[in-house]
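Coordinate inspection notes
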Amino acid sequence: MKATYRAMQVKTPGNLELVERQTPAPNPGEVLIAVEACGICGADASDIDNADPALQPRVPGHEVVGRIVAIGANTPSIWKVGQRVGVGRLGGHCNECTECRRGRFNLCRNQPIVGSSCDGGYAEIMIARATGLVSIPDELSSEEAAPILCAGIATFNALKKSGAEPGDTVAVLGIGGLGHMALQYARKMGFRVIAVGRGEDIAADAARLGAHRYIDTYVENPADAINAMGGAKAILTTTANPTAVSALMPALAPEGRLIVLGVGKDPLPVSTRSLVGAERSIVGSITGSPYENEKTLDFSVLTGVRPMIETMPLARAEDAVQKMRSGDAKFRIVLTMGDQTDAH
């Protein structure tokens, strides 16, 4: 094992720098991972821009895949040196709090948030809690698996919570890093899939990803268009734009459910009459536990769901983040620890 490793860290809010760090040793209950790939998520921009000065310098990134190179004491024996594992946004539950005792590990209040309250995967080496580890199937490359650990599980679990059944209509608002995964999962789950986006340039991609119908909000009123098809049993919103979300809520069928994935600063305007009158509901959904992440990976293998990715080397992390911010990424950028750039 090398004595040092390269990492992209946030030294001051909004700025990344490439540094050389001393390789750490894992503490009890932790493992040391040699990172092979790390996806870039929209939440990374917030982590970089709003980095807590008390926690700097911080390494962002929470869609991490690599191999275990060292294991701390008291780590469960299921984890072995050389094993390929992943870590998502939730860095490992505590096994002590009320939510953990209920088995709701994704709601643990005492777990680190990877890339925010603990160092993430924009690095060649990463420390991770064993309770946050996810086993990676052999059928997926590290670059393919990385986005599934956040964008994949977030949309997969949201669809499972949606209340929709095969044959029901499900709409996806926002066809980006999360939305392009949601379309694939929704189609494979047997839903009638409606994609809602801005501009005709995304129409062909939406159809290829599984949408039965694409609605361009520049051309059509999406709520009217969906209601003309009978309304949606569920709407997944991946955008943080409350105006766009609110405008689509009238498209919910009676007892329909809006599942909120996009996080923004502004409040979401809600018509209480619309909620009460037809018993509609709004729920938030947060990624999931390591076990649920493994179910998402397995479903992806079984159904052929894959993220559309572009790879970039670690040294170009700042360029990659800027491309993600601009909306030019189609649809996910993954950092690799080598020097090659490729597209899939």
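Now for a look at the structure at hand.

Cut-offs applied
- Starting afresh in each chain, residues are numbered from 1 along the sequence in its written order.
- Note on the predicted model: pLDDT of at least 70 is required for a residue's local features to be given, and 80 or more for side-chain atom pairs to be given and counted; whole-chain, interface and lining totals, by contrast, use all residues.
- Each side-chain value is worked out from all heavy atoms of the structure, with water and hydrogens disregarded.
- Exposure categories follow from relative accessible area, calculated using a 1.4 Å probe and restricted to protein chains: below 20% of the type maximum is buried, above 50% is exposed, and the middle band is partly exposed.
- Where helices and strands are cited, they refer to DSSP runs of H or I of at least four residues and of E of at least two residues respectively, numbered from the N terminus.
- Two strands form a pair only when DSSP identifies at least two bridges running between them.
- Looking down the strands as they point away from you, a crossover is right-handed if its path from the first strand over the helix to the second goes clockwise.
- Cysteine sulfur atoms that pair up within 2.5 Å are treated as a disulfide.
- Definitions used for this entry: grid spacing 1 Å over protein atoms alone; cavity, a set of points where a 1.4 Å probe fits but cannot get out; pocket, an open set with protein on both sides within 12 Å along at least 5 of 7 lines; lining residue, one with an atom within 4 Å of a point.
- Grid points are joined across faces, edges and corners, and a volume is the space filled by probe spheres set on the points.
- Amino acids are sorted into nonpolar (Ala, Val, Leu, Ile, Met, Phe, Trp, Tyr, Cys and Pro), charged (Asp, Glu, Lys and Arg) and polar (every other residue, Gly among them).
- Two rings belonging to Phe, Tyr or Trp (six-membered ring only in the last case) form a pair when the distance between their centres is within 6.5 Å. Interplanar angles under 30 degrees mark stacking, angles over 60 mark edge-to-face geometry, and anything in between is tilted.
- Any two residues whose heavy atoms approach within 4.5 Å are treated as being in contact.
- For every element, the axis is a line fit to its C-alpha atoms; helices are fit only across the contacting stretch, and the angle between N-to-C directions ranges from 0 to 180 degrees.
- Counted as salt bridges are all cases of a side-chain nitrogen of Lys or Arg within 4 Å of a carboxyl oxygen of Asp or Glu.
- Orientation categories follow fixed angle ranges, with anything under 35 degrees roughly parallel, anything over 145 roughly antiparallel, 65 to 115 roughly perpendicular, and all other angles oblique.
- Whether a crossing is left-handed or right-handed is set by the direction in which the near helix is turned from the far one by less than a right angle, anticlockwise for left-handed and clockwise for right-handed.

With respect to the pairing of strand β9 (residues 192–197)
Most of β9 is tucked away: 5 of the 6 residues are buried. Two strands pair when backbone bridges link them, and strand β8 (residues 169–173) and β9 are joined in this way by 5 bridges, in the parallel orientation. Counterpart to valine 170 in the pairing with β9 is valine 193. Once you follow β8 into helix α4 (residues 179–188) and on to β9, the crossover reads as right-handed. Pairing of β9 with strand β10 (residues 213–216), which is carried by 4 bridges, proceeds in the parallel orientation. Within β10, the position partnered with alanine 195 by the bridge is tyrosine 214. In terms of handedness, the path from β9 via helix α5 (residues 203–209) over to β10 forms a crossover that is right-handed.

A short note on the state of the cysteines
With the rule as written, the count across this model stands at 0 disulfides. With no disulfide of its own, cysteine 94 lies 3.7 Å from the sulfur of cysteine 108, the closest cysteine sulfur. Judged by its relative accessible area of 18%, cysteine 94 is buried.

Focus on empty space enclosed by the protein
Scanning the entire structure with this criterion turns up 3 cavities of 30 Å³ or more. Size it by volume and the largest cavity reaches roughly 60 Å³. Gly88, Arg89, Leu90, Gly132, Val134, Leu149, Ile153, Thr287, Gly288, Ser289, Pro290 and Asn293 together form the lining of the largest cavity. Elements supplying a minimum of two residues to the lining of the largest cavity: α3 (142–160) and α9 (290–303). Here the residues of the lining of the largest cavity are counted per class, giving 5 nonpolar, 6 polar and 1 charged. In this structure, the second largest cavity spans a volume of roughly 40 Å³. Element by element, the count of residues in the lining of the second largest cavity is highest for helix α10 (residues 317–326), at 4 residues. Looking at the lining of the second largest cavity residue by residue, the classes come out as 3 nonpolar, 2 polar and 2 charged.

Regarding the packing of aromatic side chains
All chains considered together, the criterion is met by 3 aromatic pairs. Between phenylalanine 156 and phenylalanine 299, the ring centres sit 5.0 Å apart and the planes meet at 45 degrees, which makes this aromatic pair tilted. Remark: phenylalanine 299 occurs in helix α9 and phenylalanine 156 occurs in helix α3; sequence separation between them is 143 residues. We note that phenylalanine 156, like phenylalanine 299, is buried.

Section: the side chain of aspartate 205
Examined against the element boundaries, aspartate 205 turns out to sit in helix α5. The class of aspartate 205 is buried, set by a relative accessible area of 5%. Those residues within four positions of aspartate 205 in sequence are excluded, and the remaining contacts are Lys330 and Phe331.

What to know about the sheet that holds strand β12 (residues 252–260)
Strand order in this open sheet of 6 strands is β10-β9-β8-β11-β12-β13, and the pairing throughout is parallel. Unpaired on one side and paired on the other, β10 and β13 (281–284) mark the two borders of the sheet. Ignoring which end each strand starts from, the neighbouring axes of this sheet average 20 degrees apart. Helix-sheet contacts for α4 involve β8, β9 and β11 (232–237), and the interaxial angle to β9 is about 165 degrees.

Considering unusual backbone geometry
Phenylalanine 331 follows lysine 330 through a cis peptide bond whose omega is 0 degrees. Secondary-structure assignment places phenylalanine 331 in the loop between α10 and β15 (332–336). Of note, the phi angle at asparagine 95 is positive, near 65 degrees, even though the residue is not glycine. Along the polypeptide, asparagine 95 turns up in the loop between β5 (84–87) and α2 (98–101).

Let's talk about the pattern of salt bridges
A full pass over the atoms with the stated rule returns 15 salt bridges. For the salt bridge of arginine 208 with aspartate 205, the shortest nitrogen-to-oxygen distance reads 2.3 Å. Of this pair, arginine 208 and aspartate 205 both sit in helix α5, 3 residues apart, which is roughly one turn of that helix. Its relative accessible area of 57% is what places arginine 208 among the exposed residues. Here lysine 323 makes a salt bridge to glutamate 310, at a shortest N to O gap of 2.7 Å. You can see lysine 323 sitting in helix α10 and its partner glutamate 310 sitting in strand β14 (residues 309–313), a full 13 residues away along the chain. For lysine 323, a relative accessible area of 27% gives the class partly exposed. Salt bridges linked by common partners bring Lys2, Arg6 and Glu124 together as one network.

Quick word on the packing of α3 against α4
Running from N to C, α3 and α4 cross one another at 45 degrees; their axes reach a closest spacing of 9 Å. One way to sum up the angle between α3 and α4 is to call them oblique. By crossing handedness, the relation of α3 to α4 is classed as right-handed. Counting all contacts with α3, which are made through Ile148, Ala151, Gly152, Thr155, Phe156 and Leu159, the residues of α4 involved are Met181, Ala182, Tyr185 and Ala186. Looking at the contact of α3 with α4 residue by residue, the classes come out as 8 nonpolar, 2 polar and no charged.

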